[in-house]
Amino acid sequence: THGEQSNTDGRENSAIAPSPALVKRTAEVLRCLQHFPAIKNLVHKYYSVSQTAVIPSPFILNALDELEVTVNGSLFGSASDERLFTFSTFVTHNTSKALQIPQNSDGTVFHKYFTGPFLRLEIIGVICALAGRASYFGLADSTVGDTESPTQFSRKMLVICDLTIHICKSLTALNDLSLWLVHENLLLSKLLRGDSSQSYLLTLHESHR
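Presented here is an overview of the structure given in this document. (Residues numbered from 1 in each chain as written. Predicted model: local features only at pLDDT ≥ 70, side-chain atom pairs only at ≥ 80, totals over all residues. Heavy atoms only, no water.)

Remarks on the pattern of salt bridges
Here is step 1 of the chain: Within this structure, the stated rule accounts for seven salt bridges.
Here is step 2 of the chain: Where Asp65 meets Lys40, a salt bridge forms, and the shortest distance between an N and an O atom there is 3.7 Å. With a gap of 25 residues between them, Asp65 in helix H3 (residues 57-74) and Lys40 in helix H2 (residues 36-49) connect regions that are remote in the sequence.
Here is step 3 of the chain: Using a relative accessible area of 38% as the deciding quantity, one classes Asp65 as partly exposed. (Salt bridge = Lys/Arg side-chain N within 4 Å of Asp/Glu carboxyl O. Helix = DSSP H or I, 4+ residues; strand = E, 2+ residues; numbered from the N terminus. Buried < 20%, exposed > 50% of the residue type's maximum accessible area, 1.4 Å probe, protein only.)

Things to note about the nonpolar core
Here is step 1 of the chain: Among the nonpolar cores identified, the biggest contains 53 residues, and Val43, Ile60 and Ile123 are the most heavily contacted of them.
Here is step 2 of the chain: Elements that contribute at least two residues to this core include exactly helix H1 (20-30), H2, H3, helix H4 (81-96), helix H5 (121-136), helix H6 (150-171) and helix H7 (176-193).
Here is step 3 of the chain: Non-local contacts of Ile123, meaning those with residues more than four positions away in its chain, are made with Ile60, Ala63 and Phe114. (Core = buried A, V, L, I, M, F, W, Y, C linked by side-chain atoms within 4.5 Å. Contact = heavy atoms within 4.5 Å.)

With respect to the environment of Glu28
Here is step 1 of the chain: By secondary structure assignment, the location of Glu28 is in helix H1.
Here is step 2 of the chain: Overall, the relative accessible area of 41% leaves Glu28 in the partly exposed class.
Here is step 3 of the chain: Non-local contacts of Glu28, meaning those with residues more than four positions away in its chain, are made with Ile160 and Leu163.

Let's talk about the packing of aromatic side chains
Here is step 1 of the chain: For the structure on display, the rule yields eight aromatic pairs.
Here is step 2 of the chain: Taking the centre distance of 6.0 Å and the plane angle of 15 degrees together, the rings of Phe59 and Trp180 count as stacked. Residue Phe59 is found in helix H3, and its partner Trp180 is found in helix H7; the two are separated by 121 residues along the sequence.
Here is step 3 of the chain: Taken together through their ring pairs, the aromatic side chains of Phe59, Phe110, Phe114 and Trp180 make up a single cluster. (Phe/Tyr/Trp six-rings, centres within 6.5 Å; stacked < 30°, edge-to-face > 60°.)

Description of the environment of Asn62
Here is step 1 of the chain: Inspection of the secondary structure assignment puts Asn62 in helix H3.
Here is step 2 of the chain: Distance from Asn62 to Phe110, taken between C-alpha atoms, is 9.1 Å for residues 48 residues apart in sequence.
Here is step 3 of the chain: For Asn62, the contacting residues outside a window of four places in its chain are Ser57, Thr108 and His111.

So, the packing of H5 against H6
Here is step 1 of the chain: Interaxial distance between H5 and H6 falls to 8 Å at its minimum, and their mutual angle equals 160 degrees. Relative to H6, the element H5 lies roughly antiparallel. In this structure, H5 crosses over H6, and the sense of that crossing is left-handed. For the pair H5 and H6, contact is made by Leu121, Glu122, Gly125, Cys128, Ala129, Ala131, Gly132, Ser135 and Tyr136 and by Pro150, Phe153, Ser154, Met157, Ile160, Cys161, Thr164, Ile167 and Cys168, respectively.
Here is step 2 of the chain: Within the contact of H5 with H6, the residues separate by chemical class into 12 nonpolar, five polar and one charged. (Axes fitted to C-alpha atoms, helices over the stretch in contact; angles between N-to-C directions. Parallel < 35°, antiparallel > 145°, perpendicular 65-115°, else oblique. Left-handed = near helix turned anticlockwise from the far one by under 90°. Nonpolar A, V, L, I, M, F, W, Y, C, P; charged D, E, K, R; others polar.)

It is worth stressing that arrangement in space is one thing and function is another; only the former is reported here.
Put into structure tokens, the structure is as follows:
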């Protein structure tokens, strides 16, 4: 079954109705946003010190601000499992559509095509990967909490990224966001698993397909 939804430029964009299994897996990813204050702080710290970031900071930091509005308004606090499932269905449906960026768009509005009412899973995975690297580099201070170390938090973010990649492969074609996701996941995997680990080599292979 297919549904139709208009893009912001007025074009119609078909999307496959998400299966309950994929929605459930997406909910596992979205639960990581319970740590959103820590994630946001880590990503901001990463961009404040890094001179080697591949993705320009406005794309990520603008997306972070938009995601914070969505999280505060739609997801957590006293959110029930039913509300999380509804939100997961919304994100899964958006991700299943082709990412279309109008030719007349500029960088200041680029993030709006994958956040807010068009929130996609790929950008959540990218942000988690960046937060994982920042935590590994010791930029967390006390933001992660007292119950887990920075390395443990980084590993949690890597699990989320791995799951996000698998879901996106089932939902959507290759696009700019999924390339960002694979690249950032590769860097985090290299830090935590090493250059010679089987999982890192598999991620490296997948990134070149």
